[in-house]
Every structure is written in C-alpha cells, then in structure tokens.
Amino acid sequence: MLRSDLVFLRPLEAEDLEFLYALENDPAVWSVSDTLAPVSRHTLRQYLNNAAADFHEVRQLRLVLCATTTQEAVGTVDLFGFEPLHQRAGVGIMVLARHQRQGYARAALALLRPYARQVLRLHQLHCTIATDNTASLQLFEAAGYKRVGVRLEWLRTADGWQNAVEMQQLL
C-alpha cells in the first residue's frame, strides 16, 4: 500500500469527478499542466472510465494524493511518457492551493520512489520545472532529484517565453 503517516496514494475512482473538475479547471495550475482551456465534466468522465488501464499499455498513471488523517483528496501524482525500453517516466504533481505547503507533495514523492522502482521496475524518473517555480524546484531537490540541464525558452507564458529546469532521479 502506498501510505505514510501523512498521505496515501490511491487509484482514481468514479467519485473523483468533482475533485478532478476543480483541480483541472484551476487557472493557477494551467501554466504547469500545459492546459489552455477548461476541461468538461464529460471529458473527465470519459477519462475516469479508462483510468484503470494498465500502465504499461497506456504509458501513464494518475494517483490521487489523499491526507491520511482526513481521507480527503488533496492532489494528484502523475507518471507519464513511460518509455518501456529505457524504463523511465515523467513525474507531475499537483496539490490544491489550500493544501499546499503542508508536506503532502514531499510525502507523496517519497512513496512514489520505491513504488516506481520495485513495482513498476523503472530505472529513472524525470520532471521539467519552470525556472521561476522555486517551490517545485526545492521540492524535487529535497526528494533527491538532480538538475541535469536547462531548456531555453521552453515554456510559453502570458509574459513571454520562460526557461525550464530538467531534473531526474535514478532509482
């Protein structure tokens, strides 16, 4: 079980529709999730209907990040872009604004590492973070990710182009 004293990770359920709707339609996270427009409940229902597909087949996995004490969904952890030959996947994490800075993301990344290595048999995880997203940079560095490069003008924002830091963790 993916559980600690602070958080647990669980698969998506049909009952997560409203939670996902709130998370995906928060304009504050669109810049880090490559989203430009709201997502409909219909689209999210379809996504939830297929969420149980095998990681190795669909090459992605979304887990709901829940607070252990309240059982409340506070965010999501995504593995995406799975490359079977190279045994690597990208990592994304989103926590609802009202639950940020409470240690949930750090605890989730700590649970994800052994799961990715032992269960999914991955060799490495990687992420791309905007250079001005200091909270995420600090989070992933604290979780053992190393900076391996900078992509110039990688992210388009309302203010223009922004560089992104590439990070990885060998498992």
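Relevant structure appears above.
Remember, it's a predicted structure, so these values are computed and weren't measured experimentally.

Engineer: How do you make sense of helix 5 (residues 104-119) when you look at a structure like this?
Structural biologist: The α-helix winds at 3.6 residues per turn, so residues separated by three or four positions along the chain end up facing the same way. When the terminal C-alpha atoms of helix 5 are compared, their 22 Å separation across 16 residues agrees well with the 22 Å that a helix rising 1.5 Å per residue should span. Within helix 5, the full set of buried residues consists of Tyr104, Ala105, Ala107, Ala108, Leu109, Leu111, Leu112 and Ala116. In the core, the buried residues of helix 5 are packed alongside strand 1 (7-11), strand 2 (61-67), strand 3 (73-83), strand 4 (88-95), strand 5 (124-130) and helix 6 (134-142). Two residues or fewer after helix 5 comes Arg121, characterised by a positive phi angle close to 60 degrees.

Engineer: Honestly, the nonpolar core in this entry has me stumped. Any pointers?
Structural biologist: Counting 36 residues, the largest nonpolar core has Leu65, Leu79, Ile93, Leu122, Leu125 and Phe140 as the members making the most contacts within it. Put simply, the parts of the chain that give this core at least two residues each are strand 1, strand 2, strand 3, strand 4, helix 5, strand 5, helix 6 and strand 7 (160-170). With 8 residues, helix 5 is the largest single contributor of residues to this core. Excluding residues that lie within four positions of it along the chain, Leu125 makes contacts with Leu79, Ala89, Val91, Leu112, Ala116, Tyr145, Met167, Gln168, Gln169 and Leu171. Judged by nonpolar contacts, the second largest core, of 16 residues, contains Leu17, Leu20, Leu23 and Val39.

Engineer: What am I meant to see in the environment of Ser4 here?
Structural biologist: Residue position: Ser4 is located in the segment before strand 1. Judged by its relative accessible area of 24%, Ser4 falls in the partly exposed class. Counting along the chain gives 104 residues from Ser4 to Ala108, while the straight-line C-alpha distance between them is 8.6 Å. Residues contacting Ser4, with those up to four places away along its chain left out, are Thr68, Ala107 and Leu111. Polar side-chain contacts of Ser4 include one of 3.2 Å to the backbone nitrogen of Leu6.

Engineer: I'm lost on the pattern of salt bridges in this one. Help?
Structural biologist: A pair can form between side chains of opposite charge whenever their charged atoms are brought close. Evaluation of the coordinates by the stated rule reveals 7 salt bridges. Glu18 is paired through a salt bridge with Arg41; the nearest N and O atoms lie 2.8 Å apart. Here Glu18, found in helix 1 (residues 17-24), pairs with Arg41, found in helix 3 (residues 41-49); they are 23 residues apart in sequence, far enough to count as distant. For Glu18, a relative accessible area of 44% gives the class partly exposed. Glu24 is paired through a salt bridge with Arg62; the nearest N and O atoms lie 2.7 Å apart. Here Arg62 lies in strand 2 and Glu24 lies in helix 1, a separation of 38 residues in the sequence. One salt-bridge network, held together by shared partners, links Glu24, Arg62 and Asp78.

Engineer: Help me out: how do you make sense of the packing of helix 5 against helix 6 in this one?
Structural biologist: Helix-helix packing is characterised by the crossing angle of the two axes and by the distance between the axes. One can describe the packing of helix 5 onto helix 6 by two numbers: an axis separation of 10 Å at closest approach and a directional angle of 35 degrees. Judged by the twist between their axes, the crossing of helix 5 over helix 6 is right-handed. For the pair helix 5 and helix 6, contact is made by Ala105, Arg106 and Leu109 and by Leu139, Phe140 and Ala142, respectively. When grouped by side-chain class, the residues that make up the contact of helix 5 with helix 6 number 5 nonpolar, no polar and 1 charged.

About the cut-offs
Residues numbered from 1 in each chain as written. Predicted model: local features only at pLDDT ≥ 70, side-chain atom pairs only at ≥ 80, totals over all residues. Heavy atoms only, no water. Helix = DSSP H or I, 4+ residues; strand = E, 2+ residues; numbered from the N terminus. Expected span 1.5 Å × (residues − 1). Buried < 20%, exposed > 50% of the residue type's maximum accessible area, 1.4 Å probe, protein only. Contact = heavy atoms within 4.5 Å. Core = buried A, V, L, I, M, F, W, Y, C linked by side-chain atoms within 4.5 Å. Polar contact = N/O pair within 3.5 Å; in protein donor to acceptor, adjacent residues only side chain to side chain. Salt bridge = Lys/Arg side-chain N within 4 Å of Asp/Glu carboxyl O. Axes fitted to C-alpha atoms, helices over the stretch in contact; angles between N-to-C directions. Left-handed = near helix turned anticlockwise from the far one by under 90°. Nonpolar A, V, L, I, M, F, W, Y, C, P; charged D, E, K, R; others polar.

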